[in-house]
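For reference, the chains in residue letters:
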Amino acid sequence: MSEPTTLPGQLEQFIERTQHVPEPTGRTADNTIAKRVPFATALSAQLTGEQEQTMVEHALDRLAVLEGELGRDLVLQQNWAGNAEKMSSTQVVQSATDSFLGKRSRYEDVFANKVDWRPYLFGGIFKDSNLVVPLARRIARQMTARALNYFFETDPWFAAEPEGVEDTKLADKIDRYAKFKLKQLGSKKNKERAIRGAMVRGEAVVKTTHAIRDQLFQTYANVLVDAEDNELLDSKGERILDTDKWQEETATDPATGQPAAPTGTGKLVLARDGITEQPELLLWKNTIVPRRQVIFQGPESPVVFYKDFLCPLDAPDLQQADCIAHLYDKPVMELVDLYVKGGMLEATGKDRLEAVQKTIQLIRELTANDPAPKSGANQSARPTDGRDSPSSVTGARETREAVAEIAEVYMWFDANGDGILENIMLVVDKKNRVPIFYDYVPNVTIDGLRPFEVVRINEVEGRWYGEGVMEMYESTQNIVDLLVNRWIYSQSSAGRVVFWRPDLTLEGRTRPDLVMNFGQTYSLAPNAKAEDACKVVYITDNKFEYLKEMFEFFMQTAMNESGVQHANDGQTAGLDTQKLATGIRNIEKSGQEMFAPFISDLEPGLEAILKRELLVLFANLDRVEIFTYLARDTATGQEIKQLDQITPEEVRNLTLNVSLLLTRYKGEQQLVQGQEADAIVTRFYEKPIQIQPFVAQFYKAQLKAIDPRIDVETLIQPGIAQIAPSPTGTTTGAGTSATRPTNPGQSPALL
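Just so you know, these numbers come straight off a predicted model, no measurement behind them. The residue count restarts for each chain, going from 1 along the sequence in the order it is written. The predicted origin of the model limits local features to residues at a pLDDT of at least 70 and limits the giving and counting of side-chain atom pairs to 80 or more, whereas totals for whole chains, interfaces and linings rest on all residues. Excluding hydrogens and water, the side-chain figures rest on all heavy atoms present in the structure.

**Comments concerning the side chain of E67**
Right, so step 1: The numbering of helices and of strands both runs from the N terminus, where a helix is a DSSP run of H or I of at least 4 residues and a strand a run of E of at least 2. For E67, the position within the fold is in helix α2 (residues 49-70).
Right, so step 2: For the exposure calls, accessible area comes from a 1.4 Å probe over protein chains only, and a residue counts as buried if that area is under 20% of its type's maximum, exposed if over 50%, partly exposed in between. Judged by relative accessible area, which is 12%, E67 ranks as buried.

Structure representation (structure tokens):
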């Protein structure tokens, strides 16, 4: 039987096809530090090969320090805690457990009710009983749900207001288009993930970029040709198809540079460029043409996996940090695909030839990587979830082709030796220490800032991170689990003593060392009694009631502190007051007050992400976009769908102010304020009219304290008596009368 042949992968085939491309001429045996980056940028044009190498080495050395500082080198593997016994020492285990990323890994596991690491890290009772009460998880889920409800329950959930746009119609159009596009792109989903990450870990880092996902293919089409069968091209050098439209030639407004009125010549031009004239005779040829289909294009703001983001712990924010990095896996073939689609492997001149040689050489060096996953995001699958541990990265799984660990580094560094720290973006292959791209940050981002924002709660003063719900209640969670596991363990075999005489059984006479096995059948010896052979004595003093009281105490403490409890939580914790209507209303009011700081913490990060998304969206608008929106019909009062369009010229150099509407949250606040104001006004008019003038200022001050915008002079008018209901439905008051029916407890007529 013949041996099965192994077909070369797509990357190997590409390398084989480019064997004829020589190495870059600048790199020789005598000059091994020539510049290696293949793409010309404003920064690469200023650096020598030695300066480039110094910058790369500085970045990678700094990353190694950050990985140690954050504990990434110890906790990157998904099952790092389960392998604690294999670590070199107890000190290493403790360092991993207490590290920044080690803690956040624990918080994520506890939120997922995955605590199989506790016997290794905590020991004690957890080695024998390792049950978990989802206390912290319950609080985190409730707080996450409330935050999502406040931010995104209503639609629209944000407003975009362009600065310096005096045309109100244009401003409304920009706002409507922004809402349409972000809804189409699913912007809300990533922000919901960010809130969830912030609640669990304390912070979630979000990266906003302009993403294009497309595919190239070839198909048959009818192209325009001349009499000699040569293809005719438009002003941009593209083929003209029979599906393209023609329009009447128009003149150009010299002031605006935009098309104006038709010229009246009767000439027809290609609609997509407005220049190419239609020939007298349209001849078509059916041939194969390359096509491009754009699947997705627009701003993306995914949450960066927390183990793949590096930032110094003492940095106040991500913009001022000396170095931050996003680490991710990239199949080398995807880089090849990117280069080919971008025309980067087409040599059209000496400079271009050198760039192609450097690109091919870069790809050859990247193939030294193996297919195994390197980033934390690709190692996060748990075998207990019913999935295999990831052995390779998507895109390289089937062919087992090379996967490079890319470090996208943003750092303040004096690269050109002029004594000034520049804000630099560097993309580098971490294993081979090969630079792929670098430039000044303002040249690669829309606003000149690093493309990261942090959504966080309980921000640590002077630091870029926060304190999550799981960390807030970690100690309480451990105490509750400790009490429950002690309680459960005391009811197991550990809570009883067995006195066993195997010699009183037939099996024990042949085996004196016979061990008692519960659930096993034994044969008593002649004249032996069961109570003599085996007696079980249960330990009655197991402190059950005491453990139960302690359990309820800590549950009550945690729920009271969280501010997100409801009546059922109170029943679980043994709080009788929460069974009353007054207690339930008190819970609602205190919960809104205690949750307000979390909304204040989340809002700046979410607004910053939203603003960056819109800036990226409008900066990359390169064609006329048609969109839909809902408008109210003035005749019927119903909402109807309408069409509109926006052009790149209308949003050029646009600056935006964005705000989260928080309609649900503000509505609840207004409802509570209205109820409080109503109660104050009602109490005032219940006073005798002789007393009202003396206490009027006191009640006005109370209303002002609720909301300074309240018209207290209209609401508080001394001399008007409370209108009391009579049995006949006629209302009377001191010095006043009325004949309209009222309900018991009705507010004064003035209200």
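What follows continues from the structure just given.
**Description of the side chain of N485**
Right, so step 1: Looking at the element boundaries, N485 is found in helix α13 (residues 474-490).
Right, so step 2: Nitrogen and oxygen atoms within 3.5 Å of one another constitute a polar contact, given that in protein one can donate a hydrogen and the other can accept it, and given that sequence-neighbouring residues count only through two side-chain atoms. A polar contact is formed between the side chain of N485 and the side chain of S129, at a distance of 2.7 Å.
Right, so step 3: In this structure, N485 is in contact with R118, I125, F126, S129, N130 and L131, ignoring residues within four places of it in sequence. Contacts are assigned to residue pairs that have any heavy atoms within 4.5 Å of one another.

**A few points about the pairing of strand β13 (residues 434-440)**
In regular strands, side chains alternate between the two faces of the sheet.
Right, so step 1: The buried fraction of β13 amounts to six of the seven residues, a majority that puts the element mostly inside the structure.
Right, so step 2: Strands pair, by our definition, only if DSSP identifies at least two bridges between them. Strand direction decides the pairing type here: strand β12 (residues 422-429) and β13, joined by six bridges, are antiparallel. If you follow M425 over to β13, its bridge partner there is D439.
Right, so step 3: Hairpin connection between β12 and β13: a loop of four residues separates the two successive antiparallel strands, and R433 in this loop has a positive phi of roughly 55°.

**Some thoughts on a nonpolar patch on the surface**
Right, so step 1: Here the term patch refers to residues with relative accessible area over 30% and no salt bridge, with like charges joined within 9 Å and nonpolar side chains (Val, Leu, Ile, Met, Phe, Trp, Tyr) within 5 Å. What sets the accessible areas is the Shrake-Rupley method with a 1.4 Å probe; for residues, cover comes only from the shown protein chains. Only one rule defines a salt bridge in this text: a Lys or Arg side-chain nitrogen within 4 Å of an Asp or Glu carboxyl oxygen. Nonpolar side chains collect at one region of the surface, where V497, F499 and V537 lie side by side and expose about 250 Å² of accessible area between them.
Right, so step 2: Here V497 shows up in strand β15 (residues 496-500).

**Points about the packing of aromatic side chains**
Right, so step 1: Working definition: rings of Phe, Tyr and Trp (its six-membered ring) pair if their centres are within 6.5 Å, and the pair is stacked with planes under 30 degrees apart, edge-to-face with planes over 60 apart, and tilted otherwise. Within the structure shown, the criterion is met by 23 aromatic pairs.
Right, so step 2: With a centroid separation of 5.6 Å and an interplanar angle of 90°, the aromatic rings of W464 and Y465 are classed as edge-to-face. For the residue pair W464 and Y465, the accessibility class agrees, reading buried in each case.
Right, so step 3: Among the aromatic side chains, those forming a connected cluster through ring pairs are F100, F309, Y410, F452, W464 and Y465.
Right, so step 4: Whether a charge sits over a ring depends on NZ of Lys or CZ of Arg being within 6 Å of the ring centre and within 35 degrees of the ring normal. Across the ring face of F111, the terminal group of R137 is positioned such that the distance to the ring centre comes to 5.7 Å.
Right, so step 5: Taking NZ or CZ as reference, R146 lies 5.4 Å from the ring centre of F595, over its face.

**Quick notes on the sheet that holds strand β10 (residues 323-331)**
Right, so step 1: Taking strand neighbours across the sheet as the criterion, the five strands line up as β9-β10-β11-β12-β13 in an open arrangement whose pairing is antiparallel. Strands at the two margins of the open sheet, each flanked by one partner only, are β9 (309-310) and β13.
Right, so step 2: As judged from the eight bridges shared by strand β11 (residues 403-413) and β12, these two strands associate in the antiparallel manner. Bridge pairing links A407 to V428 in β12.
Right, so step 3: Each axis is a line fitted through C-alpha atoms, and for a helix only the stretch in contact is used; angles between axes span 0 to 180 degrees, taken between their N-to-C directions. Lying on the sheet, α2 is in contact with β9, β10, β11, β12 and β13; it crosses β11 at an angle near 100°.

**Regarding the nonpolar core**
Right, so step 1: By nonpolar core is meant a set of buried Ala, Val, Leu, Ile, Met, Phe, Trp, Tyr and Cys residues that side-chain atoms within 4.5 Å join together. If you look at the biggest cluster of nonpolar residues, it comprises 130 residues, and the most contacted ones within it are M55, F151, W464, L602, L614 and F618.
Right, so step 2: The element contributing the most residues to this core is helix α18 (residues 581-619), with 10 residues.
Right, so step 3: In this structure L614 touches F158, A160, A178, L182, L656 and V658, once residues within four positions along its chain are discounted.
Right, so step 4: Residues V681, Y685, A696 and V712 belong to the second largest nonpolar core, which totals 12 residues.

**Looking at unusual backbone geometry**
Right, so step 1: Residue P156 follows D155 across a cis peptide bond; omega there is 10°.
Right, so step 2: The phi torsion at D229 lies on the positive side, around 70°, for a residue other than glycine.
Right, so step 3: As for its placement among the helices and strands, D229 is situated in the loop between β3 (209-225) and β4 (246-248).
Right, so step 4: Under the relative-accessibility criterion, D229 is labelled partly exposed at 43%.
Right, so step 5: The phi angle at N653 is positive, at roughly 55°, despite the residue not being glycine.
Right, so step 6: Here N653 shows up in the loop between β18 (639-646) and β19 (656-660).
Right, so step 7: The class of N653 is exposed, set by a relative accessible area of 75%.

**What to know about the pattern of salt bridges**
Right, so step 1: All chains considered together, the criterion is met by 41 salt bridges.
Right, so step 2: Between E300 and R213 there is a salt bridge, and its shortest N-O distance comes to 2.8 Å. Of this pair, E300 sits in strand β8 (residues 283-300) while R213 is found in strand β3, placing the two residues 87 residues apart along the sequence.
Right, so step 3: The exposure class of E300 is partly exposed, given its relative accessible area of 22%.
Right, so step 4: Given a relative accessible area of 41%, R213 falls into the partly exposed group.
Right, so step 5: The closest approach of N and O atoms between R456 and E459, which form a salt bridge, is 3.7 Å.
Right, so step 6: Classification of R456 as buried rests on a relative accessible area of 17%.

**Here we look at the packing of helix α5 (residues 100-111) against helix α9 (residues 187-201)**
Right, so step 1: The interhelical angle for the contact between α5 and α9, taken along N-to-C directions, is 110°, at an axis separation of 9 Å. Classified by the interaxial angle, the pair formed by α5 and α9 is roughly perpendicular. Listed contacts from α9 to R104, Y107, E108 and F111 of α5 are R196, V200 and R201.
Right, so step 2: When grouped by side-chain class, the residues that make up the contact of α5 with α9 number three nonpolar, no polar and four charged. Roughly parallel here means an angle under 35 degrees, roughly antiparallel means over 145, roughly perpendicular means 65 to 115, and every remaining angle is called oblique. Note on residue classes: Ala, Val, Leu, Ile, Met, Phe, Trp, Tyr, Cys and Pro are nonpolar, Asp, Glu, Lys and Arg are charged, and everything else, Gly too, is polar.

**Concerning α2**
Right, so step 1: Helix length check: α2, at 22 residues, gives a terminal C-alpha distance of 32 Å against a target of 32 Å (1.5 Å per residue), a fit within 8%.
Right, so step 2: Every buried residue of α2 is listed here: G49, E52, M55, V56, A59, L60, R62, L63, L66, E67 and L70. The buried residues of α2 occupy one face: seen down the axis, they fall within an arc of 165°. Opposite the buried face of α2, by more than 90 degrees, sit the exposed residues E50 and A64. Here a helix's expected span is defined as the number of its residues, less one, multiplied by 1.5 Å. The directions from the helix axis to the C-beta atoms are what the arc is built from.

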